[in-house]
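Structural features, examined
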Amino acid sequence: ATLAGQLGIAQELVADFTDTVAKFSATTDLSVEAAATGFGRLNQLISGVDGQFNELGSAILAVGVDSVATESSIVAVSTNIASMGNLAGLTAPEIIGLSGAIASLGIRPELARGNITRLFSNINKSVATSGYNLEEYGRLTGRTAEQFAEAWSSEPTAVLLDFFEGISREGASAERTLRDLGITSVRDIPAILRLAQSQDEVRRLIDVSNESFSKGTKINEQYAVIAGTTAEEIKRLTQNLATLGAAV
């Protein structure tokens, strides 16, 4: 609760924030402090969270459980790509799902920020200037240039997933295709190719995140398992006895 105040969490949200952070830290690899800081930052950085900490935590936990990424790595990547994801129009659970896929592929958070920023900037520039790049993006996603530009403004996640699928279909020509689009960084090309090769997993994790964010029950389900173990019951008993001793 003290950390919530320091992070600028609204007073009416402090109780829910505290409860969610405590349960989340008990079921993941994040400490209470790390979980609180992560939730506070993501609440500020990602449009659409708006104090829905249980939903946010459930999405992160579900993606962590269903992938090889740890929850701490998902939070780290999400924090790094949140601003660009917002500008592109990705929703909170879509950013979490994409972050889980990036973390699963072993792309470091600080590199992911640059990868996503440069890719989205390239797409935005192509939409703004039209020409060859826009037509190529359209071809890769199964759209005309005009359809691509319209879809990028209305359904960016679907366009991004179709782009990864299109690059995967390029096969041996994928790297040349990226270079023709102006994506030439030695850091960006391998990352995009890995995401393209794993585009089915990217889609799946985004779906997992969307569903878990909508339900908002994953944290309570996982915590119930932890709280139900004998060891946890003994720990709680010890804590209660300590509280009783303090009261006496």
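Coordinates for the structure precede this section.
Heads up: these notes are all about the structure in this document. Please read all numbers here as calculations on a predicted model, not as lab measurements. (Residues numbered from 1 in each chain as written. Predicted model: local features only at pLDDT ≥ 70, side-chain atom pairs only at ≥ 80, totals over all residues. Heavy atoms only, no water.)

1. Notes on the layout of surface pockets
The test is simple: As defined here, a cavity is a set of points on a 1 Å grid over the protein atoms alone where a 1.4 Å probe fits but cannot get out. A pocket is an open set with protein on both sides within 12 Å along at least five of seven lines, and residues line them when an atom is within 4 Å of a point. Grid points are joined across faces, edges and corners, and a volume is the space filled by probe spheres set on the points. Counting from the N terminus, the helices are DSSP H or I runs at least four residues long and the strands are E runs at least two residues long. Under the scheme applied, nonpolar residues are Ala, Val, Leu, Ile, Met, Phe, Trp, Tyr, Cys and Pro; charged residues are Asp, Glu, Lys and Arg; polar residues are all the others, including Gly.
As a volume, the largest pocket reaches approximately 150 Å³. Every residue lining the largest pocket is listed: Ala62, Asp66, Val208, Glu211, Ser212, Lys215, Thr217, Lys218 and Glu221. Elements with a contribution of two residues or more to the lining of the largest pocket: α13 (199-215) and α14 (218-227). Broken down by element, the residue count for the lining of the largest pocket peaks at four residues, all from α13. Considered class by class, the residues forming the lining of the largest pocket number two nonpolar, two polar and five charged.

2. With respect to the side chain of Gln199
What counts, and what does not: In this scheme, a residue with accessible area under 20% of its type's maximum is buried, one over 50% is exposed, and one in between is partly exposed, where area comes from a 1.4 Å probe on protein chains only. Here a residue-residue contact requires only that any non-hydrogen atoms of the pair lie within 4.5 Å.
Within the secondary structure, Gln199 sits in helix α13. With a relative accessible area of 11%, Gln199 lands in the buried category. Sequence-distant contacts of Gln199, that is, excluding residues within four places in its chain, are made with Phe164, Glu165 and Ser168.

3. Overview of helix α9 (residues 145-154)
The condition is simple: As used here, the arc is the angular range of directions from the helix axis to the C-beta atoms.
Residues of α9 that are buried: Ala145, Phe148, Ala151 and Trp152. Taken down its axis, α9 places every buried residue within 125° of arc, on the same side. The outward face of α9, more than 90 degrees from its buried face, is lined by the exposed residues Glu146, Glu150, Ser153 and Ser154. Next to the buried residues of α9 lie α5 (71-88), α7 (109-129), α8 (132-140) and α10 (156-169).

4. Let's talk about the packing of aromatic side chains
Short version of the rule: The pairing test for Phe, Tyr and Trp rings, Trp by its six-membered ring, is centres within 6.5 Å, and the orientation test on the planes gives stacked under 30 degrees, edge-to-face over 60, and tilted for anything in between.
This model, assessed by the stated rule, comprises seven aromatic pairs. Consider the rings of Phe17 and Phe53, whose centres lie 5.0 Å apart with planes at 80°: the pair is edge-to-face. Of this pair, Phe17 sits in helix α2 (residues 14-27) while Phe53 is found in helix α4 (residues 53-65), placing the two residues 36 residues apart along the sequence. Each member of the pair, Phe17 as well as Phe53, is classed as buried. Ring plane angle 50° and centroid distance 5.5 Å describe the contact between Tyr137 and Phe163, whose orientation is recorded as tilted. Here Tyr137, found in helix α8, pairs with Phe163, found in helix α10; they are 26 residues apart in sequence, far enough to count as distant. No difference in accessibility class separates Tyr137 from Phe163, as the two residues are buried. Here a set of aromatic residues connected by ring pairs shows up, and it is made of Phe17, Phe24, Phe39 and Phe53.

5. Regarding the nonpolar core
As a reminder of what qualifies: The definition of a nonpolar core used throughout is a set of buried Ala, Val, Leu, Ile, Met, Phe, Trp, Tyr and Cys residues joined through side-chain atoms within 4.5 Å.
The biggest cluster of nonpolar side chains holds 71 residues, and the ones touching the most others in it are Ile60, Ile102, Leu119, Phe120 and Phe163. Apart from the residues within four sequence positions on either side, Phe120 is in contact with Met84, Gly85, Ala88, Leu90, Trp152 and Leu160.

6. Some details on the pattern of salt bridges
Side chains that differ in charge, positive against negative, can pair when their charged atoms come close. Short version of the rule: The salt bridge criterion pairs a side-chain nitrogen of Lys or Arg with a carboxyl oxygen of Asp or Glu, the two atoms within 4 Å.
Throughout the structure, instances matching the rule amount to 15 salt bridges. When the shortest N-O distance is used, the salt bridge between Glu110 and Arg108 registers 2.9 Å. Taking relative accessible area as the criterion, Arg108 reaches 46% and is therefore assigned partly exposed. Residues Lys215 and Glu211 are paired through a salt bridge, measuring 3.0 Å at the closest nitrogen-oxygen approach. Here the residue Lys215 and the residue Glu211 both occupy positions in helix α13, the gap between them amounting to four residues, near one helical turn. In this structure Lys215 comes out as exposed when scored by relative accessible area, which is 54%. The class for Glu211 is partly exposed, based on a relative accessible area of 45%.

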